[in-house]
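Fold and contact review
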Amino acid sequence: MKALRWQVAAIVAASLLFPLVVRSDYYQHVFILALMWVVIGSSWNLLAGYTGQVSFGHAIFFGIGAYTAGLCATKAGISAWWGMVLGGPMAALIGFVIGWVCFRLRGPYFALATIAVGEIFRLVAVVWRSFTGGMQGILLIQTFRSKLPYYYLALFLALACIYVIHAVMRSKWGYYFVAIREDQDAAESMGVNAFRYKSLSLIVSAFFTGLAGAFYMNYMAFIDPEVVFSLHHISIMAILVGIIGGVGTLWGPPLGAFIMVLLQETFRSSFFGLAPRWVSELHVLVFGLLVIFVILYLANGIVGDWGKIQRLWSSKAGGGAPAAGKSS
Amino acid sequence: MAVFIQTVVAGILMGGIYALIGIGMTLIMGVMKIINLAHGQLMMVAMYITYVLYEHVHLDPYAALLITMPCLFVLGAVLQRYLLNPLIKVESILPENQVLMTVGIGMVLTELARMIFHSDYKSVRPPYTSMSLYAGSIAFNLPMVIAFGIAVLLTIGLFLFLLKTDVGKSVRATAQNKEAALLLGVNAERITIFTYGLGAALVAAAGTLLLPIYYLFPDLGGAFTLKAFVITILGGLGSTVGAIVGGVVLGVSESLGATYISMALKDAVGMVIFLLVLIFLPGGLKRLTKI
């Protein structure tokens, strides 16, 4: 446990120093996106990995957060930064309502319902032109020219999110969540109010995803419904971040977020200009192949199956040493 | 009134094709208990095959059915055999990993199509696509009528197959109770492979029939995957009769929505029905009919 604390301190220190060492705007940008995905992936993981309610609709909360921030500026006439205050609670509120409707359903049915709700939100944002600006989206002007404020804000969000989830999972709530994931009927028979705790899990998850959305609006200064409410770019990406890193682990989604964002950027920039241009079109294909590979061979993600990976490594090296115990 | 009838007629004709999509999905759902989120993407693959055959060999889209259906059957069987079946043995926290696998398959299929054919819209327009039959003032678009007819024939054929043949009976037995079917000597693994192939072949037929009245681009798959499970949920999971009714209901309500609400919200109509059914009628129309 003590060793782990050192590792965490090292990660935090490294990420605090990163933008001071790497001055390139581009790499700072990539890391900002990765940190944002740490928030989204970890929140998705709280609901899906720990509570067992696989959501295909996290774009709803991301989009709500982003639109709350955007509409603060365009409709309410206040700074879009108010979105950082209002976006989270707004997403949590929507999350509560969606949970109230969708938690009547279980397992795959819940997953399906979240896709449907997500599509409804996307279509409404597209069609309700007078309020949301429709397909034109919302265009603002960035507050800071330097990336540094955004970087530290994203870092703060990511650490806060990980810390809160860590704290929640160590509390009674965490045990209830896992109990519901393992067997909802058994949990209920032991007196766990499954509906209430699933809703709580969803609300916390939606809150942080909404914050990430509000951050995205302020950072990118442009949103449109096809981006922030996108099934593929947000909802599915959140799932990929979770499963590649490892569902039901604290450090899985953060690792997954960095892997996915770096992979995406590597391909989008055609290996930083080293490979022919057509490579840039391959990134979604690579994501797909990665999903298939991970599900087939590392069903619990890189962090969840770390012992398995180590075993494979050491047996290849000829040592055959027993796998180190998982620490979480 | 004429507008209303016309709208309903168009909806019912479309519903025939939707039913075909839904039956494929519901078969897979019934036997494997998974949601096939690559269903629309399989349809898209079949549509590209039809497109290539029409452009390069000048094969009529309806004749192309004889090629696309076997092709997709093989593709579906291979996917089930090598990607989905191995997952049954894998230990994982989330029980949904077969569903996530189909998401991955769907992404790969879409991106492969984009690599080969690029993102631009394609269409297949044999000369008869603009012809219509008239009954009074109501027009019946010819390719839609043909598509509806073929869809009905295929559905009847499928029912005969499921009810009368040994393989069909094994499929139904596996859907009803896998363990019992195993005990009675049904090779459940082979049945799952066969069923996924069959589902893929049915959706391939739907895609090929749809192509002369629709257009084609790689991302079309996702939209139809959504429609497919709206239909299945509407009809009740695993119920083939339900999928037919669900298909027609979706077709008619989309058509009414497009005429009376707004073209842009046409797709939202399906989603709203879907949510209402999930909330107020879980189990779908199957619950009402007891079939």
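Thoughts on the overall build of chain B
In terms of helices and strands, chain B carries 12 helices and 2 strands. The order of α-helices and β-strands along chain B, N terminus first, is α-α-α-α-β-β-α-α-α-α-α-α-α-α. For a compact globule of 291 residues, the expected C-alpha radius of gyration is about 19 Å, and chain B comes in at 19 Å, within 12% of that figure. Overall, the C-alpha framework of chain B stretches about 60 × 45 × 40 Å when taken along its three principal axes. Relative to its 291 residues, chain B shows a buried fraction of 53%. The contacts of chain B with a sequence gap of at least 6 include a subset with a gap of at least 24, amounting to 78%.

A closer look at the overall build of chain A
A count of helical and extended segments in chain A gives 16 helices and 2 strands. Computed over C-alpha atoms, the radius of gyration of chain A comes to 20 Å, within 12% of the 20 Å expected from 2.2 N^0.38 for 328 residues, which places it in the range of a compact globule. Counting only residues that meet the buried cut, chain A has 47% of its 328 residues in that class.

So, the confidence of the model for chain B
Residues and elements named next belong to chain B. Mean pLDDT over chain B works out to 86, with 96% of the residues at or above the 70 mark. Across chain B, element-level confidence peaks in helix α2 (residues 39-57) with a mean pLDDT of 93 and bottoms out in helix α12 (residues 286-289) with 62. Note on the complex model: pTM 0.84, ipTM 0.81.

Observations concerning the pairing of strand β1 (residues 132-135) of chain B
Across 4 bridges, the pairing between β1(B) and strand β2 (residues 138-141) of chain B is antiparallel. If you follow B:Leu133 over to β2(B), its bridge partner there is B:Phe140.

Let's talk about the interface of chain B and chain A
Often, the extent of an interface is quoted as the loss of accessible area on bringing the components together. Counting residues at the interface gives 38 residues for chain B, matched by 38 residues for chain A. Elements with a minimum of two residues in the side of chain B that touches chain A: α4 (97-117), α9 (220-235) and α11 (266-280) of chain B. Top contributing element to the side of chain B that touches chain A by residue count: α4(B), with 12 residues. The class makeup of the residues in the side of chain B that touches chain A is 30 nonpolar, 4 polar and 4 charged.

With respect to the environment of B:Val186
Residues and elements named next belong to chain B. Residue placement: Val186 occurs in the loop between α7 (178-183) and α8 (188-210). With 19 C-beta atoms counted inside 10 Å, the residue Val186 sits in the partly exposed group. Along the chain, Val186 and Val167 lie 19 residues apart, while their C-alpha atoms are 9.3 Å from each other. Among residues more than four places away in sequence, those in contact with Val186 are Ser170, Ala173, Thr174, Ala181 and Ile191.

Some remarks on the packing of α2(B) against helix α3 (residues 61-84) of chain B
Between two packed helices, what matters for the description is the angle formed by their axes and the separation of those axes. All names here are of chain B. The N-to-C vectors of α2 and α3 enclose an angle of 135 degrees; their axes lie 9 Å apart at closest approach. In terms of orientation, α2 and α3 fall into the oblique class. Seen along the crossing, α2 lies across α3 with a hand that is right-handed. Of the residues in α3, those in contact with Leu42, Val45, Ala46, Ile49, Thr50, Leu53 and Tyr54 of α2 are Pro61, Ala64, Ile67, Thr68, Cys71, Leu72, Leu75 and Gly76. Split by residue class, the contact of α2 with α3 holds 12 nonpolar, 3 polar and no charged.

Re helix α10 (residues 240-260) of chain B
Between its terminal C-alpha atoms α10(B) stretches 30 Å, which fits the 30 Å expected from 21 residues at 1.5 Å a residue. In terms of residue burial, α10(B) counts as a mostly covered element, since 15 of its 21 residues are buried.

Definitions and cut-offs
- Residues numbered from 1 in each chain as written.
- Chains lettered and ligands numbered in written order.
- Predicted model: local features only at pLDDT ≥ 70, side-chain atom pairs only at ≥ 80, totals over all residues.
- Helix = DSSP H or I, 4+ residues; strand = E, 2+ residues; numbered from the N terminus.
- Rg over C-alpha atoms; globule rule 2.2 N^0.38 Å.
- Buried ≥ 20, exposed ≤ 12 C-beta atoms within 10 Å, placed from the backbone.
- Contact = placed C-beta atoms within 7 Å.
- pLDDT = per-residue confidence, 0-100.
- Pairing = 2+ DSSP bridges.
- Nonpolar A, V, L, I, M, F, W, Y, C, P; charged D, E, K, R; others polar.
- Axes fitted to C-alpha atoms, helices over the stretch in contact; angles between N-to-C directions.
- Parallel < 35°, antiparallel > 145°, perpendicular 65-115°, else oblique.
- Left-handed = near helix turned anticlockwise from the far one by under 90°.
- Expected span 1.5 Å × (residues − 1).

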